[in-house]
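Observations on the three-dimensional arrangement
Read off the chains here:
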Amino acid sequence: MTMDAADDVRILTPYWEKTGAFERRAGKEATWVVRSWGPSRTADRLAAILPAAREDLRSAPGTAEGDHHVFFVEESAGDWEWAHAVVRACQRASSRPGTRLWIVTRTGLRGPARDGVPRPEQDFAWALGRCHAVENPGSWGGLVDLDVDDPGVAAAMLADYLLSGSAEDEVVLHDDGWSVARLRASTLPPVVSGRGISMERLHIVSGGMMGLSFEIERWLARNGAKRLLVLGQSALDGDRKRNLRQLESLGCAAEYEVLDVGDPEPVRRLTARLRGEAVGGVFHLASRWQADGRSSVASLGSTTPEQTRLLLGAKAGGALLLSELAEEVGAEAMVLFSSAAATLGSPGQANYAAANAVLDGVARRLHGGPVRPVSIAWGPIGDVGFGATPEGADLHEVWERLGLRRLTVDQVLSTVGMALAQDEPNLTVVAWDESALSALPWFRERPVLEQLAAVESVGMSLELLTGLDEERRVDLVAEVIRAHLATMLLLDLQDVDPHRPLFELGIDSLIALELLFVIDREFAVRFELDELLVNMDITLRTLAVKLGERIR
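Note that this is a predicted model, so its numbers are computed, not measured. (Residues numbered from 1 in each chain as written. Predicted model: local features only at pLDDT ≥ 70, side-chain atom pairs only at ≥ 80, totals over all residues. Heavy atoms only, no water.)

Counting its secondary structure elements, the chain contains 17 helices and 18 strands. Taking 552 residues into account, the globule formula puts the C-alpha radius of gyration at 24 Å, and the chain, at 24 Å, falls close to it. Reported as C-alpha extents along the three principal axes, the dimensions of the chain are approximately 75 × 60 × 40 Å. For the chain, buried positions account for 59% of its 552 residues. The contacts of the chain with a sequence gap of at least 6 include a subset with a gap of at least 24, amounting to 75%. Working note: accessible area of the chain is about 22000 Å², and carbon and sulfur atoms make up 48% of it. Put simply, the chain has 57 plus and 80 minus side-chain charges, and the middle of one group is 3 Å from the middle of the other. (Helix = DSSP H or I, 4+ residues; strand = E, 2+ residues; numbered from the N terminus. Rg over C-alpha atoms; globule rule 2.2 N^0.38 Å. Buried < 20%, exposed > 50% of the residue type's maximum accessible area, 1.4 Å probe, protein only. Contact = heavy atoms within 4.5 Å. Areas by Shrake-Rupley, 256 points an atom, 1.4 Å probe, with all protein chains shown as cover. Lys, Arg positive; Asp, Glu negative; His and termini not counted. Charge placed at Lys NZ, Arg CZ, Asp CG, Glu CD.)

Structural data, given as structure tokens:
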């Protein structure tokens, strides 16, 4: 793998680690509620074991109250209503102090065996859960995938896990035991198969003729691709025509077609038309994240069904439909462009992360078949696409201050070339400062991520508070936060008035997110994102008082 400035680029690959049995432990008495989307015999058996109230949310709204909730998604065919139900379950748990939530799926695609009926769309729930763990860790329980056919056995194993108090929050239950998820980081690619794609064949790229999609199209043309079919949702205007001519000047016959890859009928017509063609790669980059010029990317607490539906359309729906196209036309390979937010969790991007995760599931479904798949979950990419928008630039600047750097287009293109010649369906590619990753609390707290970050102490300013009376403690806390805010807001220290409301200082949701990490690093106190956002009318001084109370 050749990359410019590759020293800080890491390739993350997932793996499953066998673990011993989870043992039930006596603990604080809990009131359990077991919900499902549709019938579930495993959920029925679990409710009898715990015991718990039992509700099927596809049949009627949930009304049972409890502090420990388990939500089953076993059947997910058809529309995305089940996905909206998972979002509501997370929102409900997050809004009720003392509540915890576990999500149970049956993907047929996780763990060592990867058996059963494949349901790649259920990866939506896994990424949503990871974002829940980031935004509202106090109400998060875990993710469980079932690979056990007998509902009684599955329920007993699940009860053992739920009642064990384990910190493991990504678990697969299979017939011969339990496995837990881990991520492995490397500067080198996985084992290379030596296979690529034939440049003599037709290559299909979804995502239009601009931004990162065009960079991939130009990369294909420069590497000898003779024919391209580009699918986009926008009409072929002047800029797109100019890019089309550039591809042709490189010796590539490129055709542009206006087509919504999230719409089943036109994709199926395209599939029928392409039968008999020699298709090389299917590259899926299509994404729609704006409506009427406004971003639909949202935090877990604020996302709406309309926003989630928009994000699912071209991104997740398109991945499912184009994977069927790739299989039916006999494509050599499929490359899906996902997001590291789906792998690692990301505050403020829950619906976006969840939609991208479906691509990771699609790649695992195709793996081992005639179409060689890879879903690449990218860290922040500068210069093109979302990274070139004002909103993207602001978000990426926050991540950079926290140690997660932007990937260059050259790094992306080098990675795609590597990914096409290996046999791992899921890769996450990020550029980071390892010594800074411990500033992100969930890297320290979630077992699946703990191997990725260097161990670094938190509460770096706590020692300064020793021996101070209450007034002076509040003064010091306020000054530490004030100094960080001045850096974040690009202001002189004297312009950050500790007696003005936070929103008047110019603190938006991104700065609030970074402020949470600063508070944790300096004082070892976790605030949740929604908790801070609903209190933006308080002053910095009042925030310091609240923080001082928690430090005690």
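More follows now that the structure is in view.
Counting through the fold element by element, D383 comes out in the loop between β16 (372-378) and α11 (390-401). Given the relative accessible area of 63%, D383 is considered exposed. Between the alpha carbons of D383 and G211 there is a distance of 8.6 Å; along the sequence they are 172 residues apart.

In the structure shown here, the tally under the stated rule is 26 salt bridges. For E277, the salt bridge goes to R227, with nearest N and O atoms at 3.1 Å. Note that E277 is positioned in the loop between α7 (264-274) and β12 (279-284) and R227 in strand β10 (residues 227-232), a separation of 50 residues in sequence. You can call E277 partly exposed: its relative accessible area is 28%. Under the relative-accessibility criterion, R227 is labelled partly exposed at 33%. Each of the salt bridges in this network shares a partner with another, and the network as a whole consists of R130, D169, E170 and R446. (Salt bridge = Lys/Arg side-chain N within 4 Å of Asp/Glu carboxyl O.)

By size, the foremost hydrophobic cluster in this structure holds 86 residues, and its most contacted members are F71, F124, L128, V282 and L325. Counting residues per element, this core draws most heavily on helix α10 (residues 350-366), at 11 residues. Non-local contacts of V282, meaning those with residues more than four positions away in its chain, are made with I204, L322, L325, A326, A331, A333, M334 and V335. Within the second largest apolar cluster, 41 residues are counted, among which are V205, L212, L244 and C252. (Core = buried A, V, L, I, M, F, W, Y, C linked by side-chain atoms within 4.5 Å.)

A contiguous patch of negative charge on the surface is contributed by E391, D394, E397 and D508. Residue classification places E391 among the partly exposed positions, given a relative accessible area of 34%. (Patch = residues over 30% accessible without salt bridge, like charges linked within 9 Å, V, L, I, M, F, W, Y side chains within 5 Å.)

One can describe the packing of helix α14 (residues 470-489) onto helix α17 (residues 540-551) by two numbers: an axis separation of 8 Å at closest approach and a directional angle of 120°. Classified by the interaxial angle, the pair formed by α14 and α17 is oblique. Remark: the crossing between α14 and α17 carries right-handed chirality. Judged by residue contacts, E471, R473, V474, D475, V477, A478, I481, R482 and L485 of α14 engage L540, R541, A544, V545, L547, G548 and I551 from α17. Partitioned by chemical class, the residues of the contact of α14 with α17 number 10 nonpolar, one polar and five charged. (Axes fitted to C-alpha atoms, helices over the stretch in contact; angles between N-to-C directions. Parallel < 35°, antiparallel > 145°, perpendicular 65-115°, else oblique. Left-handed = near helix turned anticlockwise from the far one by under 90°. Nonpolar A, V, L, I, M, F, W, Y, C, P; charged D, E, K, R; others polar.)

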